[in-house]
Amino acid sequence: QQRPAATSPTLQAALPNESELDRMIRHAESGDMVAQAALGQRYYRGNGVTRDLKEAARWTRMAAEQGEPRAQSNLGFYYMKGEGVERDPKEAARWWRAAAAQGLAQAQFNLGLIYETGQGVTVDYEEAARWYELAAAQGDRPASDRLRNLRQRGLIPSGG
């Protein structure tokens, strides 16, 4: 995960009398995807700002479109829950695929879950297992549990 290079020396440090939030906003407005993702989370949680799901989704989308994997995963969550955006499980799946392709275990688990349950995609236990296996390989315990459950229920072959 790479951070974009700063475009000016003033992006490197806080300006005189600048709060942490003001600095984050300045970085986010300048296109820093990490700052955009962090600002999205602040709006989602109401951390230092008034909780605003539309603003959370807006800043998160900016970071996600630049390829920030946690922002992509969070945007998928917003679409699945209809928080700050219109609920759209297919759009959630699209953003989780983008994050999962970058190796983010949480997004891999989420893809496994939607393929297992058929939310926004056609139920496909083999595809669910594939995503769970990737997340489990990174130590994601819930993914390991779901994978084991699919095998015990005979929905996918044992072993593998």
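Use the structure listed above.
From a predicted model like this one, the values you see are computed outputs, not experimental measurements.

Caption draft 1: A look at the pattern of salt bridges. Counted under the stated rule, the structure contains ten salt bridges. Arg 130 is paired through a salt bridge with Glu 127; the nearest N and O atoms lie 3.0 Å apart. Separated by three residues within a single helix, Arg 130 and Glu 127 lie in helix α7 (residues 125-136), roughly one turn from each other. With relative accessibility at 40%, the residue Arg 130 sits in the partly exposed group.

Caption draft 2: Geometry of the packing of aromatic side chains. Taken as a whole, this structure holds four aromatic pairs when the rule is applied. Between Phe 109 and Tyr 132 the ring centres are 5.7 Å apart and the planes differ by 40°, which places this aromatic pair in the tilted class. One end of the pair, Phe 109, is in helix α6 (residues 105-117); the other, Tyr 132, is in helix α7, and 23 residues separate them in sequence. Owing to a relative accessible area of 0%, Tyr 132 belongs among the buried residues under this scheme. Members of the aromatic cluster, each reached through a chain of ring pairs, are Tyr 44, Phe 77 and Tyr 78. A cation over a ring is seen here: Arg 58 above Trp 59, with NZ or CZ 4.6 Å from the ring centre. Here the basic side chain of Arg 130 rests over the ring of Trp 131, its NZ or CZ set 4.4 Å away from the ring centre.

Caption draft 3: Representation of helix α1 (residues 20-29) within the structure. Looking only at α1, the buried set comprises Leu 21, Met 24, Arg 26, His 27 and Ala 28. Of the surrounding elements, those touching the buried residues of α1 are α2 (33-45) and α3 (53-65). Looking one or two places after α1, you find Gly 31, whose phi comes out positive at around 105°.

Caption draft 4: Examining the nonpolar core more closely. Counting residues in hydrophobic clusters, the biggest one holds 44 residues, and the most contacted among them are Leu 39, Tyr 78, Trp 96, Leu 111, Ile 114, Tyr 115 and Tyr 132. The set of elements that each furnish at least two residues to this core consists of α1, α2, α3, α4 (69-81), α5 (89-101), α6, α7 and α8 (141-152). Not counting residues up to four positions away in its chain, the partners in contact with Tyr 78 are Gly 40, Gln 41, Tyr 44, Ala 56, Ala 57, Thr 60, Glu 83 and Val 85.

Caption draft 5: Just the packing of α2 against α3, in detail. For the pair α2 and α3, the least separation of the axes is 7 Å and the interaxial angle reads 160°. Classified by the interaxial angle, the pair formed by α2 and α3 is roughly antiparallel. Crossing hand, α2 versus α3: left-handed. Contacts between α2 and α3 involve Met 33, Gln 36, Ala 37, Leu 39, Gly 40, Tyr 43 and Tyr 44 from the first element and Leu 53, Glu 55, Ala 56, Trp 59, Thr 60, Met 62 and Ala 63 from the second. Its residues placed into classes, the contact of α2 with α3 shows ten nonpolar, three polar and one charged.

Caption draft 6: Just the side chain of Gln 72, in detail. One can find Gln 72 in helix α4. A polar atom in the side chain of Gln 72 sits 3.2 Å from the backbone oxygen of Ala 64. In this structure, Gln 72 is in contact with Ala 64, Gly 67, Trp 95, Trp 96, Ala 98, Ala 99 and Gln 102, ignoring residues within four places of it in sequence.

Caption draft 7: Quick look at α5. With 13 residues, α5 ought to run about 18 Å at 1.5 Å a step, and its terminal C-alpha atoms sit 18 Å apart, in line with that. Among all positions in α5, only Pro 89, Glu 91, Ala 92, Ala 93, Trp 95, Trp 96, Ala 99 and Ala 100 are buried. In the core, the buried residues of α5 are packed alongside α3, α4, α6 and α7. Measuring from the side-chain oxygen of the N-cap residue of α5 to the backbone nitrogen of Lys 90 gives 3.2 Å; that N-cap residue is Asp 88. Just downstream of α5, Gly 103 is the residue with a positive phi angle, here 90°.

Quick notes on the rules
- What you see as residue numbers is a count from 1 along each chain, following the sequence as written.
- Where local features are concerned, this predicted model is filtered to residues with pLDDT of at least 70; where side-chain atom pairs are given and counted, the filter is 80 or more; whole-chain, interface and lining totals use all residues.
- Side-chain metrics in this entry use all non-hydrogen atoms of the structure; hydrogen atoms and water are not considered.
- Throughout this description, the term salt bridge denotes a Lys or Arg side-chain nitrogen within 4 Å of a carboxyl oxygen of Asp or Glu.
- In this text, helices come from DSSP runs of H or I with a minimum length of four residues, and strands from runs of E with a minimum of two, each type numbered from the N-terminal end.
- Note on exposure labels: buried denotes an accessible area under 20% of the residue type's maximum, exposed denotes more than 50%, and partly exposed covers the range between, all computed with a 1.4 Å probe on protein chains only.
- Pairs were defined over the aromatic rings of Phe, Tyr and Trp, the Trp ring being its six-membered one, requiring ring centres within 6.5 Å. Orientation was assigned from the angle between planes: stacked under 30 degrees, edge-to-face over 60, tilted for the rest.
- Both a distance and an angle decide whether a charge sits over a ring: NZ of Lys or CZ of Arg must be within 6 Å of the ring centre and within 35 degrees of the ring normal.
- Only heavy atoms matter for contacts: two residues are in contact if any of them lie within 4.5 Å across the pair.
- Grouping buried Ala, Val, Leu, Ile, Met, Phe, Trp, Tyr and Cys residues that are joined through side-chain atoms within 4.5 Å yields what is termed a nonpolar core.
- Here the axes come from fitting lines to C-alpha atoms, over the contacting stretch only for helices, and the angles between their N-to-C directions go from 0 to 180 degrees.
- Orientation labels follow simple angle bins: below 35 degrees gives roughly parallel, above 145 gives roughly antiparallel, 65 to 115 gives roughly perpendicular, and whatever is left gives oblique.
- Helix crossings get a hand from a simple test, with the near helix turned counterclockwise from the far one by less than a right angle marking a left-handed crossing and a clockwise turn marking a right-handed one.
- Only Asp, Glu, Lys and Arg are considered charged in this grouping, and only Ala, Val, Leu, Ile, Met, Phe, Trp, Tyr, Cys and Pro are considered nonpolar; every other residue, Gly among them, is considered polar.
- Under the rule applied, a polar contact is a pair of N or O atoms within 3.5 Å (in protein, one hydrogen donor and one hydrogen acceptor; residues adjacent in sequence only if both atoms are side-chain atoms).
- An expected span of 1.5 Å times one less than the residue number is assigned to each helix.

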